[in-house]
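Close look at the chain arrangement
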Amino acid sequence: MEQIIKQQILKKGLKKSGRKKRWLSRVLVMPVVIFLIVFFVVPLADILCKSIINPEIHRNLPQTLQALATWDGKTTPDNTVFMALANDLREARKKGVAGAIGRRLGYEDDKYRIMISTTLRKLPRKPVDDIKSKIVAASPLWQDPTTWQVIKQVSGSLTTHYLLQSFDYKTDYNTGKLVPITIKMHNEQVANYHIKILLRTLWMSFIITSFCVLIGYPLAYWLSCQPTKRANLLLILVLLPFWTSLLVRTTGWYILLQSNGLINYLLQLFGIISQPISFIPGRFGVYIAMIHILLPFIVLPLYAVMKGISTTHLRAAISLGAHPLYAFSTVYVPQTYAGLRAGVLLVFIMAIGYYVTPALLGGPADQMISYFINYYTNEINNWGLAAALSLQLIVLVVILSWIYSKISYRKRKV
Amino acid sequence: MKRKIGLLLGCYLLMACQKQNDALTVVSLGGIHAKTQKETFYKPFMKQTQTSIVADSYNGGMAKIRSMIETQQIDWDVVQVETANLIRGCSEGLFEPLDTNLISNKNDFIKGNFSECGIGFFSWSIIFAYNKDKLPREPKTWKDFWNIKDFPGNRGLQKIPMIALEAALLADDVKPEDVYTLLKTPEGVDRAFKKLDEIKPYIRWWEKGSQPLPMLLTGDVVMTTTFNGRGVIAQQEGKPVGLVWNDSFYDVDNFAIIKGSRHKKLAEDFIAFAVSSAPQKAFSEYSHYGFVNEQVIPLINPILLKELPNNPDVMRHAHKINANFWVEQGEPLERRFNIWASQ
């Protein structure tokens, strides 16, 4: 009896202290959680939401949409709709948001942007009776029922427009079907370029990651075989570029690679070439600089893993008659998979999101997806498309890391 | 513990809020502009009005201004904006409509200086510069810029369709007054791109105003478009740079007041001050960019005047960039240009 009571008291005490500990640990991680939510999750979600929200039309043309509710959808709407439109446009102009209407309609077809701006210019300041003929005179497009269908179609508060556009598709406003977006180039229709950019980004990152593995693996192996003192010194040399700003390193490569830079000078001095090679702007310069910048990210995890692998395994395999190369590939390499996986993933994901280096060293054909996200955010002011491209990038990274973890997990089991 | 954290947070927020002060915040494009404006606009204005100005800079994109207005955290008052962005931003409600009664002598200003939301405060030209050491003779026109045979070497162009398309048409024997009418037609656009195709393998693109002259001087290109101020300064430093002013394109950079600015009155006073003749003269002398107020002409050193876009001889052969055209029809051109350039 007494013992049971004692046990219960002990259990209670244990529970209590456990609760206290759990509580304390929760409090301790709270700042990080709050910080992440406030400065990372919320802004990120806010930006990504911009890829589907569509406030321009239903917020700025409320009267028009109301008047359009009874429209048959086939003929030019009657005067009341035009009256409502004139009111909405006047209101929008007063509030200074008329440009947003034109911008949003312009995404469906460029002619609508011009239609809105000419209508705004010729719109009578005061309400008049026969507003329909005035507006149609300003831009004949208003007579076309298609124009009104487009307005109705883009009036929802959510849209798939930006997400589709990031994959070079759009909904055709006549048939409602998905059609590829094309652009007229010298008498031929060329597909839009977002998929091309995505594939280019993946390809460039793949090349960079491959070279990082090819160079980084032997380097890390060699480092791990050095005596501790020398290894530490060499490791500092690997780390040294880490402490220099990315921009400085990129500019450094710019100076080295330019047509009267050191590399061209040396090549000419030794008579290897007679005319300077233009490395930049170009893919080659981007590759060289990015491989150099990202190399430490694969060397460090590999080194950390290799340091912990005992050399006796290799020696044992060789003493049992394996060819050194065979022993290396079957005994040593599998033990480094964890580091290799971490390094490859790190380099690949960082390479996908690179901006500064391609922007400085590359030409227009060497720009990766981040460049276009910046372009749509800052230059064109199309935040919906910028958000859709960002979403594309994030989803890509998540899928890739998921696939990769699956593959490497299976390998480890075998 | 919790209370302490709360207290700490409170203090921090209080400190953050105290940053708001009564100074006027003027935002420029940084670099050489920031320095010039500080010397020629801010300092004399502060002295005259006994107020203070906080200088800030941005990259010229509308993103930051838009997010400021969306979140109602308006820290800026006056911003320097290029004309196309000014028109675009004005129609989307990013700027306060400007009271043109601020300026009494409107007739003294150069063409295209006023728009609904802003006033131009200096003018710039896109001209082309060439390397005197590398070319057999002086190029004189956009036709020469396109002539790879007689003037071998790479060409520098800004990586935007603006000016590239206009210059291509001029090089293709189009009369200057027809350029924009032609660019409004699909045939005209095709013609401009076909002309650009001719020199495409030789084009080296630049994106920032600081890039073209180093490209020219290191020999990466033998001719390049550039902003006039940089070209003139390079010439004065004794670099072998020749400048072609014929058929140059000009526009103004504007001051606009951000919608919801907390110091609107002071901002208006500042803008009116900046376009008055004394600061205008000082600005041109300091930066070698053009002035907008023609009352300056008799005051300025005639030797300097020769090197400004305001030089009457230059003005006769210069063309105003049609910002309205680029706002309305620029986007499809930009898309096509991007695809074309990246192929």
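In this report, we go over the structure that sits alongside the text.

Calculation criteria
- Residues numbered from 1 in each chain as written.
- Chains lettered and ligands numbered in written order.
- Predicted model: local features only at pLDDT ≥ 70, side-chain atom pairs only at ≥ 80, totals over all residues.
- Heavy atoms only, no water.
- Helix = DSSP H or I, 4+ residues; strand = E, 2+ residues; numbered from the N terminus.
- Buried < 20%, exposed > 50% of the residue type's maximum accessible area, 1.4 Å probe, protein only.
- Contact = heavy atoms within 4.5 Å.
- Salt bridge = Lys/Arg side-chain N within 4 Å of Asp/Glu carboxyl O.
- Disulfide = S-S within 2.5 Å.

Here's the deal with the overall build of chain A
Each helix and strand counted, chain A has 20 helices and 4 strands in total. Overall, chain A is about 100 × 100 × 35 Å in size when its C-alpha atoms are taken along their principal axes. Sorting the 414 residues of chain A into buried and exposed places 42% on the buried side. Within chain A, residue pairs in contact and separated by at least 24 positions form 70% of the contacts whose partners lie at least 6 positions apart.

Brief notes about the pattern of salt bridges
Across all of its chains, the model carries 24 salt bridges over all chains by this definition. Ionic pairing is found between Glu108 of chain A and Arg104 of chain A, a salt bridge with its closest N-O pair at 3.1 Å. Placement of both Glu108 of chain A and Arg104 of chain A in helix α5 (residues 98–108) is noted, with a separation of 4 residues, approximately one turn of the helix. Assigned by exposure class, Glu108 of chain A and Arg104 of chain A land together as buried. Between Asp173 of chain B and Lys143 of chain B there is a salt bridge, with its nearest N and O atoms 2.8 Å apart. Remark: Lys143 of chain B occurs in helix α5 (residues 142–146) and Asp173 of chain B occurs in the loop between α6 (161–171) and α7 (179–183); sequence separation between them is 30 residues. The exposed category is assigned to Asp173 of chain B, whose relative accessible area is 58%. A network of salt bridges, in which partner residues are shared, links Asp172, Arg191, Lys195 and Glu198 of chain B.

Some points on the state of the cysteines
Residue and element names in this part refer to chain B. A complete count under the given rule lists 1 disulfide over all chains for this structure. The partner cysteine of Cys90 in its disulfide is Cys117, sulfur to sulfur 1.9 Å. In this structure the cystine formed by Cys90 and Cys117 twists about its S-S bond by roughly 60 degrees; its chirality is therefore right-handed. With Cys90 in helix α4 (residues 83–91) and Cys117 in the loop between β4 (114–115) and β5 (118–131), this pair connects stretches of sequence that are 27 residues apart. Look at Cys90 and you get buried, because its relative accessible area is 13%.

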